[in-house]
Amino acid sequence: MSPRTEEALGTICTINLFDQGSEELYRRLFGRLSEIEGIFSPHLEGSDTARLNLGAGLEPVELSSSFIYVLDKALDYAELSGGAFNPALGPLIKLWDIGGEARIPSIFEIEEALELSNYRELEIYPQAMLLRRGMALDLGAIVKGYALDELRKILIEEEIDRAILDLGGDVYVHGARPSGDPWRVGLQDPREGLGGYLGIINAQDASIATSGTYQRYFEIEGRRYHHLLSPFTGYPVENGLMSVTVISRSGIEADALATAAFVLGWEEGRALIARSEGALGIFVFDDETLRLVGEAQDVEFELIAGEYRLAE
Ligand code: AMP
Ligand code: MG
């Protein structure tokens, strides 16, 4: 059976189960994706995110156990990254609306949004509530990784030998190729938009998550405003990076670390990844250099684009 593609989690998702693909299993996997979207999407009425945001400063809400699991992880990464990864950045994300209305907010609006983006002003137990009116959670930087982990559980339960899951560029490769060799996953050249590759990641049973300036942005007067926002300045992060890719067995970890490391930049981002056992980070800079940090089990990276070089 050929691979299946559907829209979910605000992106294009492709699942390839190769010769073990049945109609029923494809339906179950995509069904789980739409369930996850129904819990986490800030835009879907009745989702946990929407209810929590609507009740901000007003009333506590009941959250699903999946939501609390992901939120707990997000708060861990917020602490580990000194707030660079911020699950309560909703007001700023809505303000910039990257990918929506192309407009640069005023300094005043940015300050107001930042003022409402403190992830510590959140209660979870015994009931969940954002403490101030106007606060908003956005778990978009971690939910695709969580979704990869959830689908992986189903693949294991169904004893599937090999599969590739691609959720808008965040990929999980399950098992190995029929020859027993690892899968070969292309690392996007950030300059090429959704075109060429600058390297190949050889991996098995691994999640590969990328945060990059090319994924969602708008341009005004030749300047690019991308979707990775600094909780410190309130503007898209500018630190010489074009993308950070993290490979780890855990999807949620790869996704969170990629966003966190991008926002932190090379020095602090590398330290964060170095502390995370079993994670490999590939940092791509706008001067066409790459830097690697860490190690992931059974993962190797090959550089293929001649213009780029590996730096220390
Ligand atoms: P990702 O592609 O996983 O890096 O997630 C990017 C998305 O996470 C953005 O489109 C925003 O919705 C959200 N986001 C942007 N900046 C941050 C940040 N500093 N911390 C947490 N989430 C963020
Ligand atoms: Mg992420």
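All of these numbers come straight from a predicted model, not from anything done at the bench.

1. Things to note about the coordination of the magnesium ion (ligand 2)
Ligation of the magnesium ion (ligand 2) by protein atoms is provided by A141 (O), D255 (O), D255 (OD) and T259 (OG1), these donors lying 2.0 to 2.4 Å from the ion. All donors to the magnesium ion (ligand 2) come from one chain, and their sequence spacing reads A-x113-D-x3-T. Taken together, the residues A141 in the loop between β4 (129-130) and α6 (143-157) and T259 in helix α7 (residues 251-264) connect sequence positions 118 residues apart.

2. Comments concerning the environment of E295
Its location among the elements puts E295 in the loop between β14 (289-294) and β15 (300-303). Looking at E295, the relative accessible area reads 68%, which means it is exposed. C-alpha of E295 to C-alpha of S248: the two residues are 47 residues apart in sequence and 8.8 Å apart in space. Dropping the residues within four chain positions of it, E295 is found in contact with G278, A279 and L280.

3. Here we look at unusual backbone geometry
The peptide bond linking Y125 to P126 adopts the cis configuration, its omega dihedral lying at -5°. Positioned with a positive phi, F18 is a non-glycine residue whose angle comes to about 50°. Residue placement: F18 occurs in the loop between β2 (11-16) and α1 (23-40). The exposure class assigned to F18 is partly exposed, which follows from its relative accessible area of 25%. Phi at E288 takes a positive value of approximately 65°, unusual for a residue other than glycine. Relative to the elements of secondary structure, E288 occurs in the loop between β13 (280-285) and β14. We classify E288 as partly exposed; its relative accessible area is 25%.

4. So, the site of ligand 1
In the vicinity of ligand 1, 17 residues are found, and the nearest of them are A84, N86, S211, H227 and T259. S211 is positioned with one of its side-chain polar atoms (N or O) 2.5 Å from an oxygen atom of ligand 1. The leading source of residues in the shell around ligand 1 is α7, at three residues. Its residues assigned to classes, the shell around ligand 1 shows nine nonpolar, five polar and three charged.

5. Observations regarding the sheet that holds strand β9 (residues 206-212)
To summarise the sheet geometry, strands pair through backbone hydrogen bonds and adopt either a parallel or an antiparallel arrangement. The strand order across the open sheet formed by nine strands is β1-β2-β5-β6-β9-β12-β13-β14-β16, and the pairing between neighbours is mixed. At either end of the open sheet lies a strand with only one pairing partner, and these are β1 (4-8) and β16 (309-310). Bridging between β9 and strand β12 (residues 241-248) involves six bridges; their strand directions are antiparallel. Across the sheet, A209 pairs through a bridge with V246, a residue of β12. α1 contacts β1, β2 and β5 (163-167) of the sheet and is inclined by roughly 15° relative to β1. Contacting β12, β13 and β14, helix α8 (residues 266-275) crosses the sheet at an angle of about 165° to β13.

6. Considerations on the pairing of β12
In terms of burial, β12 is largely enclosed, as eight of its eight residues are buried. As paired strands, β12 and β13 are joined by six bridges and run antiparallel to one another. Within β13, the position partnered with V244 by the bridge is F283.

7. Notes on the sheet that holds strand β8 (residues 197-203)
Strand order in the open sheet formed by three strands is β7-β8-β15, and the pairing between neighbours is antiparallel. The sheet is open, and its two edges are formed by β7 (183-188) and β15, each paired on a single side. Between one strand and the next, the sheet's axes are offset by a mean angle of 25°, whatever the strand orientation. Relative to β15, β8 is paired through four bridges, and the arrangement is antiparallel. Among the inter-strand pairings, I200 is bridged to a residue of β15, identified as E302.

8. Some words on the pairing of β5
Judged by which residues are buried, β5 turns out to be one-sided: A163, L165 and L167 face inward and are buried, whereas I164 and D166, on the alternate face, are not. Of the pairings in the sheet, the one linking β2 to β5 comprises four bridges and is antiparallel in character. Across the sheet, residue I15 finds its bridge partner in β5, namely L165. Pairing of β5 with strand β6 (residues 170-174), which is carried by five bridges, proceeds in the antiparallel orientation.

9. Considering the nonpolar core
L33, F40, F67, I142 and F283 are the most contacted members of the largest nonpolar core, which totals 73 residues. Sort the elements by how many residues they give to this core and α7 lands first, with ten residues. Apart from the residues lying within four places of it in its own chain, the contact partners of L33 are A8, L9, C13, A147, L151 and L167. Counting residues in each nonpolar core, the second largest holds 21 residues, with A206, M242, L280 and A305 among its members.

The rules behind these values
- Residues numbered from 1 in each chain as written.
- Chains lettered and ligands numbered in written order.
- Predicted model: local features only at pLDDT ≥ 70, side-chain atom pairs only at ≥ 80, totals over all residues.
- Heavy atoms only, no water.
- Donors = N, O, S within 2.8 Å, 3.2 Å for Na, K, Ca; no water.
- Helix = DSSP H or I, 4+ residues; strand = E, 2+ residues; numbered from the N terminus.
- Buried < 20%, exposed > 50% of the residue type's maximum accessible area, 1.4 Å probe, protein only.
- Contact = heavy atoms within 4.5 Å.
- Near = heavy atom within 4 Å.
- Polar contact = N/O pair within 3.5 Å; in protein donor to acceptor, adjacent residues only side chain to side chain.
- Nonpolar A, V, L, I, M, F, W, Y, C, P; charged D, E, K, R; others polar.
- Pairing = 2+ DSSP bridges.
- Axes fitted to C-alpha atoms, helices over the stretch in contact; angles between N-to-C directions.
- Core = buried A, V, L, I, M, F, W, Y, C linked by side-chain atoms within 4.5 Å.

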